[in-house]
Amino acid sequence: METQGAELQSISPSPEMGQMVCGTCRSLLSFQKGALRVKCASCQTVNLVLEAHQVGNVKCGSCSVLLMYPYGAPSVKCSCCHSITEIGVSSICN
């Protein structure tokens, strides 16, 4: 299931809706829960939707922005400064 995302005007989505940040342009996307992919209306990037238990968080090694990555990934590229941060036990955020 693929849905078209758009920037949200309200702060909290309805219980049937989810939110994520576009991996390319960092726009806030809203989508129906259960969607596997969301196409950003701003940059047309198709984003993979992951559940909370499928992702980890790490701070970018260069600019310290909080990044999300799918579990099992060896590294993650920052969408702000484009540096690569290696995923390791000491770099993971709780």
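From a predicted model like this one, the values you see are computed outputs, not experimental measurements.

Student: Can you explain the packing of aromatic side chains? Please cite residues and give values.
Tutor: For the coordinates displayed, the defined rule picks out 1 aromatic pair. Between the aromatic rings of tyrosine 69 and tyrosine 71, the centroid separation amounts to 6.3 Å while the plane-to-plane angle is 90°, which identifies the pairing as edge-to-face. With relative accessibility at 3%, the residue tyrosine 69 sits in the buried group. The exposure class assigned to tyrosine 71 is exposed, which follows from its relative accessible area of 53%.

Student: Which residues make up the UniProt feature "domain: Zinc finger LSD1-type" (unreviewed entry) in the protein chain, and what are the values?
Tutor: In this structure's numbering, the residues bearing the UniProt feature "domain: Zinc finger LSD1-type" (unreviewed entry) are residues 22-46 and 60-84. With 0% helix and 40% strand, residues 22-46 has its two end C-alpha atoms placed 9 Å apart.

Student: Which residues make up the pairing of strand β4 (residues 37-40), and what are the values?
Tutor: On β4, burial follows the alternation: Val38 and Cys40 on one face are buried, whereas Arg37 and Lys39 on the facing-out side are not. Summarising the sheet, β4 and strand β5 (residues 46-48) pair through 3 bridges and their orientation is antiparallel. Paired with arginine 37 across the strands is leucine 48, a residue of β5.

Student: I'd like to hear about unusual backbone geometry, residue by residue, with values.
Tutor: Positive phi, normally seen in glycine, also occurs at serine 64, with a value near 70°. Inspection of the secondary structure puts serine 64 in the loop between β6 (55-59) and β7 (66-70). What makes serine 64 partly exposed here is its relative accessible area of 48%. In the Ramachandran plot, histidine 82 falls in the positive-phi region, its phi being about 70° despite a non-glycine side chain. Within the element layout of this structure, histidine 82 appears in the loop between β8 (75-77) and β9 (84-86). Histidine 82 gets classed as exposed once you look at its relative accessible area, which sits at 51%.

Student: Quick rundown of the state of the cysteines? Include the residues and the values.
Tutor: Structurally, a disulfide amounts to a covalent bond that connects the sulfur atoms of two cysteines. Counted under the stated rule, the structure contains 0 disulfides. Cysteine 25 supplies the cysteine sulfur nearest to cysteine 40, a cysteine that is in no disulfide, at a spacing of 3.6 Å. No disulfide involves cysteine 63; its nearest neighbouring cysteine sulfur is the one of cysteine 78, lying 3.7 Å away.

Rules used in this analysis
- Residues numbered from 1 in each chain as written.
- Predicted model: local features only at pLDDT ≥ 70, side-chain atom pairs only at ≥ 80, totals over all residues.
- Heavy atoms only, no water.
- Phe/Tyr/Trp six-rings, centres within 6.5 Å; stacked < 30°, edge-to-face > 60°.
- Buried < 20%, exposed > 50% of the residue type's maximum accessible area, 1.4 Å probe, protein only.
- UniProt positions renumbered as here; feature names shortened; annotations may be inferred.
- Helix = DSSP H or I, 4+ residues; strand = E, 2+ residues; numbered from the N terminus.
- Pairing = 2+ DSSP bridges.
- Disulfide = S-S within 2.5 Å.

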